[in-house]
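Observations on the model geometry
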Amino acid sequence: VVTRDYVEESQKEMWQYVKDKEQLLKDLHSQIEETDQRLSVKQSERDRLLEYKNVGSKIQIDRIMNLEKGIKEVKDNLQRATEYYSNALKALKEENDRLVERHAELIKEQALEKAVRYLDKYNRREIEENEWLKEEVKLYQKEVNDLKASVQLLEEENIGLVTKRIDDRLQNLRV
């Protein structure tokens, strides 16, 4: 038997869980923004150095290449982090949906049990008889389907016998 306090507490825990995950998601977005800012700073520095290189400086070529490698690494890291956090978010949403669905089913079951507890004996007996009748209907439907299949087989067999009998008579008439 699950009490109302238990249900409310489980709801509070679920909502707290969701809030924590949303905060984590916000933190991840801020990290992505910081990485984007660093990327834009690196790109602007790269652009400045490329302009300097085009003017004629051969001294800074190594530095430019290193910065380009750094930019590539930052882009790769950003891409990996974005994929990781997207997958984590997707898994979190699926888990959250599953928990909400399970919780809703639990609440439905509890509501049904409560409703049945508060019914009088006559109504409870009607519910039990209704369930029994549903089971009986299933059994009868299965039996009807079995009988239909048997009848069809017998009809096919009879048609075959009648056809054979007619063929035999035709043979006798020809003789």
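Being a predicted model, the structure only gives us computed values, none of them experimental.

Along its length, the chain carries three helices and zero strands. Helices (α) and strands (β) of the chain occur, in sequence order from the N terminus, as α-α-α. For 175 residues, the compact-globule formula gives about 16 Å, and the C-alpha radius of gyration of the chain, at 38 Å, lies well above that figure. Over its C-alpha atoms, taken along the principal directions, the chain stretches across nearly 115 × 75 × 15 Å. For the chain, buried positions account for 11% of its 175 residues. At a minimum sequence separation of 6, the contacts of the chain that also span at least 24 residues come to 71%.

In this structure, the largest pocket encloses a volume near 220 Å³. What lines the largest pocket is simply Tyr 6, Ser 10, Glu 13, Met 14, Tyr 17, Leu 99, Arg 102, His 103 and Leu 106. Broken down by secondary-structure element, the contributors of at least two residues to the lining of the largest pocket are α1 (4-55) and α2 (61-117).

With respect to the secondary-structure elements, His 103 resides in helix α2. With residues up to four places along the chain from it excluded, the contact list for His 103 reads Val 7, Ser 10, Gln 11 and Met 14.

Now for a nonpolar patch on the surface. Where nonpolar side chains cluster on the molecular surface, the patch consists of Val 162, Ile 166, Leu 170 and Leu 173 and spans about 400 Å² of accessible area. You can see Ile 166 is positioned in helix α3 (residues 121-174). Owing to a relative accessible area of 48%, Ile 166 belongs among the partly exposed residues under this scheme.

Here we come to the packing of aromatic side chains. Taken as a whole and judged by the stated rule, the model has one aromatic pair. Ring geometry for Tyr 84 and Tyr 85: centres 5.2 Å apart, planes at 70°, overall edge-to-face.

When the terminal C-alpha atoms of α2 are compared, their 83 Å separation across 57 residues agrees well with the 84 Å that a helix rising 1.5 Å per residue should span. Where α2 is concerned, the buried positions are Ile 64, Leu 67, Ile 71, Val 74, Leu 78, Leu 92, Asn 96, His 103 and Gln 110.

As enumerated under the stated definition, the model contains eight salt bridges in all. With its nearest N and O atoms 3.4 Å apart, the salt bridge here joins Arg 63 to Glu 45. Taken together, the positions of Arg 63 in helix α2 and Glu 45 in helix α1 put the pair 18 residues apart, joining distant regions of the chain. Here Glu 131 and Lys 134 are joined by a salt bridge, their closest N and O atoms 3.9 Å apart. Of this pair, Glu 131 and Lys 134 both sit in helix α3, separated by three residues, roughly a single helical turn. Relative accessible area serves as the criterion here: at 43%, Lys 134 is assigned to the partly exposed category. Salt bridges linked by common partners bring Arg 46, Asp 47 and Glu 68 together as one network.

For the rest of this paragraph, the subject is the side chain of Asn 96. Mapped onto the elements, Asn 96 comes out in helix α2. Classification of Asn 96 by relative accessible area gives buried; the value is 19%. The residues contacting Asn 96, other than those within four sequence positions of it, are Met 14 and Val 18.

Cut-offs used in this document
Residues numbered from 1 in each chain as written. Predicted model: local features only at pLDDT ≥ 70, side-chain atom pairs only at ≥ 80, totals over all residues. Heavy atoms only, no water. Helix = DSSP H or I, 4+ residues; strand = E, 2+ residues; numbered from the N terminus. Rg over C-alpha atoms; globule rule 2.2 N^0.38 Å. Buried < 20%, exposed > 50% of the residue type's maximum accessible area, 1.4 Å probe, protein only. Contact = heavy atoms within 4.5 Å. 1 Å grid on protein atoms, 1.4 Å probe; cavity = no way out; pocket = protein on both sides within 12 Å on 5 of 7 lines; lining within 4 Å. Points joined across faces, edges and corners; volume = space filled by probe spheres on them. Patch = residues over 30% accessible without salt bridge, like charges linked within 9 Å, V, L, I, M, F, W, Y side chains within 5 Å. Areas by Shrake-Rupley, 256 points an atom, 1.4 Å probe, with all protein chains shown as cover. Salt bridge = Lys/Arg side-chain N within 4 Å of Asp/Glu carboxyl O. Phe/Tyr/Trp six-rings, centres within 6.5 Å; stacked < 30°, edge-to-face > 60°. Expected span 1.5 Å × (residues − 1).

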